[in-house]
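Understanding the architecture of this molecule
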Amino acid sequence: MNEVSKQSQWKTSTGFILASAGSAIGLGAMWKFPYMAGVYGGGAFLLMFLVFTIFIGLPLLIMEFTIGKLGRTYTTAIFGKLSGKKWTNIIGWSGNLAVFVLFGFYSVVGGWIIIYIAQVAMQLVGLGSGTLGSIHFDQVISNPVYTIIGQGIFILITMVIVMLGVEHGLEKASKVMMPLLFVFLILIVIKSLSLDGAAEGVRFILEPRMEDLSMQGVLFALGQSFFALSLGTTGMITYASYAPKEMTIKTSALSIVIMNIIVSLLAGLAIFPAINAFGYKPEEGPGLLFKVLPRVFEQMSFGAGFYLIFLILFLFAALTSSISLLELNVSIFTKNDNRKRTKVAVIGSVLVFLISIPATLSFSSLSGIHFGAGSIFDNMDFLVSNILMPLGAFATTLFVGQLLKMKDLEKVFGRDRLKLFVPWYYLVKYVLPVVILLVFVMQLFK
Ligand code: PFF
């Protein structure tokens, strides 16, 4: 079994943090968080999301980083390598199935961003008609041809980057693009807060009215914290296996969690204060961000230009996540042998494209199909965020708690003044499996 090859390591700790923050921060924090919070109880959802992210997500992220750093190979071999029990690699396979399906519906939303970029760019150069506010989300997503082309382009860009193995080249771009995205989010928040009815929106997202929280909301909040931190898919294990030896697990995990929370909060504060002014409702669903933000930008001078820049930054954030999704699937078949990279990336992307078609069509020609969690798109999301991710994380806590030696883990975890290793270890070994299982089982009786 190959160790991770030298060239596929991130060169510096900062490079590793940027890459894993890039994988984590994407559509989850910016698109999915406001959409979920809008449907499942606003402030109460936010509170549950924060509790889960801090008390479950953070220790789990540390756990995944620890496994990656300890095992240093691809995820369908790492579990067997560390425990000596080959069957445990099933956790890696299940994680890979999760990211494969995840990429399938992720690319649908990536495709929407691309269509919006095309439309706004055309308006700017005078080729398109209307204004920002006249771009109708429902019309955009109900056009099967455009949406399939959009997601195809999204998958194609991801594929080319992974194929060339130039993810590391993105480190430099991330250093500029991510802070810029942050600045744009703050700008939107400021503008939204100045609109009519803003206070009501702020109250909606910040005030925890527990009576608005359903059991389903609790489950979705757990799913959201897993989704936003890329947990339970072994994605973070893969990235940590590429990390330089000196990377610090706890600081990296903590900074990613903090950034993720801030971006989710900013996205919420950008959208909810603006919904009243334009007559939208919090429960708009997956289209929430795409409906509200153009209207906010329309209120600014040079709004279309700024919106275009924002969309490009948003696309960049989505791409740094989709790259990690494809990379994960590619790494288990190249087995760290970079000569196979092109072929595997192409085959993987074509397969993802095929499964993403029904997801995209669930907003148009297949919109009549409803079962389980809703449309085909909803079911793919539910399968990943609410079933495979929690189950993957649950299995990984059992793996770490029952099969790995405490002293090996401690070496990688590193010493610290607060002596956090022992509480972390027992949390992962005894508390988290029970909590995840409880929340998970509760959904069966909802
Ligand atoms: N965390 C990413 C987001 O919020 O957009 C999605 C994701 C990426 C999940 C990579 C899982 C993963 F392995």
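The structure displayed is predicted, hence computed values, not measured ones.

Rules behind the numbers
Residues numbered from 1 in each chain as written. Predicted model: local features only at pLDDT ≥ 70, side-chain atom pairs only at ≥ 80, totals over all residues. Heavy atoms only, no water. Helix = DSSP H or I, 4+ residues; strand = E, 2+ residues; numbered from the N terminus. Rg over C-alpha atoms; globule rule 2.2 N^0.38 Å. Buried < 20%, exposed > 50% of the residue type's maximum accessible area, 1.4 Å probe, protein only. Contact = heavy atoms within 4.5 Å. Areas by Shrake-Rupley, 256 points an atom, 1.4 Å probe, with all protein chains shown as cover. Axes fitted to C-alpha atoms, helices over the stretch in contact; angles between N-to-C directions. Parallel < 35°, antiparallel > 145°, perpendicular 65-115°, else oblique. Nonpolar A, V, L, I, M, F, W, Y, C, P; charged D, E, K, R; others polar. Expected span 1.5 Å × (residues − 1). Near = heavy atom within 4 Å. Polar contact = N/O pair within 3.5 Å; in protein donor to acceptor, adjacent residues only side chain to side chain. Patch = residues over 30% accessible without salt bridge, like charges linked within 9 Å, V, L, I, M, F, W, Y side chains within 5 Å. Salt bridge = Lys/Arg side-chain N within 4 Å of Asp/Glu carboxyl O. Core = buried A, V, L, I, M, F, W, Y, C linked by side-chain atoms within 4.5 Å.

Okay, the overall build of the chain next. Helix and strand content of the chain: 18 helices and 0 strands. Since a compact globule built from 446 residues should have a radius of gyration of about 22 Å, the 21 Å found for the chain is in line with a globular shape. Overall, the C-alpha framework of the chain stretches about 60 × 50 × 45 Å when taken along its three principal axes. For the chain, the residues scored as buried account for 60% of the 446 residues in total. The contacts in the chain between residues at least 6 apart in sequence include a share of 83% that link residues at least 24 apart. Just so you have it, the chain exposes about 17600 Å², and 69% of that area is on carbon and sulfur atoms.

Helix-helix packing is described using two parameters, namely the angle between the two axes and the distance between the axes. As a packed pair, helix α2 (residues 27-39) and helix α16 (residues 376-403) sit with axes 15 Å apart at the nearest point and diverge in direction by 100°. Relative to α16, α2 is oriented roughly perpendicular. Here Trp-31, Lys-32, Tyr-35 and Met-36 of α2 come into contact with α16, specifically with Phe-377, Asp-378, Asp-381 and Ser-385. Residue composition of the contact of α2 with α16, grouped by class: 4 nonpolar, 1 polar and 3 charged.

Over its 24 residues, helix α8 (residues 170-193) runs 33 Å from end to end, which matches the ideal 34 Å to within 8%, given 1.5 Å per residue. Considered for burial, the residues of α8 that qualify are Leu-170, Glu-171, Ser-174, Met-178, Leu-181, Phe-184, Leu-185, Ile-188, Val-189 and Ser-192.

Turning our attention to the site of the ligand. Contacts to the ligand come from 17 residues, most closely from Ala-24, Gly-28, Tyr-106, Phe-227 and Ser-230. Within the backbone of Leu-27, a nitrogen or oxygen atom sits 3.1 Å from an oxygen atom of the ligand. For the ligand, whose accessible area on its own is 350 Å², the fraction buried by protein is 100%. The set of elements that each furnish at least two residues to the shell around the ligand consists of α1 (13-24), α2, α5 (90-124), α10 (215-228) and α14 (303-334).

A word on a nonpolar patch on the surface. Taken together, the side chains of Phe-182, Ile-186, Ile-190, Leu-254, Ile-258 and Ile-262 define a hydrophobic patch exposed on the protein surface, amounting to about 490 Å² of accessible area. Mapped by element, the contributors of at least two residues to the nonpolar patch are α8 and α12 (249-275).

The subject of this paragraph is the nonpolar core. Core analysis: the biggest nonpolar cluster contains 149 residues, and Phe-65, Phe-290 and Phe-310 have the highest contact counts within it. Discounting chain neighbours no more than four positions away, the residues touching Phe-310 are Met-30, Leu-181, Phe-184, Leu-185, Ile-188, Leu-293 and Phe-297.

Moving on, we get to unusual backbone geometry. Of note, Thr-234 is a non-glycine position whose phi angle comes to about 65°, a positive value. Mapped onto the fold, Thr-234 is located in the loop between α10 and α11 (235-241). Within the chain, Phe-302 stands out as a residue other than glycine whose phi angle is a positive 55°. Mapped onto the elements, Phe-302 comes out in the loop between α13 (288-298) and α14.

Within the secondary structure layout, Trp-93 lies in helix α5. When its relative accessible area of 43% is taken as the criterion, Trp-93 is described as partly exposed. For the pair Trp-93 and Leu-47, spaced 46 residues apart in sequence, the C-alpha separation works out to 32 Å. What Trp-93 contacts, discounting residues up to four positions off in sequence, is Thr-76, Ile-332 and Phe-333.

So, on to the environment of Gln-299. Here Gln-299 is to be found in the loop between α13 and α14. Remark: the alpha-carbon pair of Gln-299 and Ala-240, spanning 59 residues in sequence, is separated by 43 Å. Here Gln-299 is in contact with Lys-191, Leu-195 and Phe-278, once residues within four sequence places are set aside.

As a further point, take the side chain of Ser-23. For Ser-23, the position within the fold is in helix α1. Look at Ser-23 and you get buried, because its relative accessible area is 5%. Once you skip the residues sitting within four places of it in the chain, Ser-23 turns out to touch Ser-230, Met-236, Tyr-239, Thr-320, Ser-321 and Ser-324.

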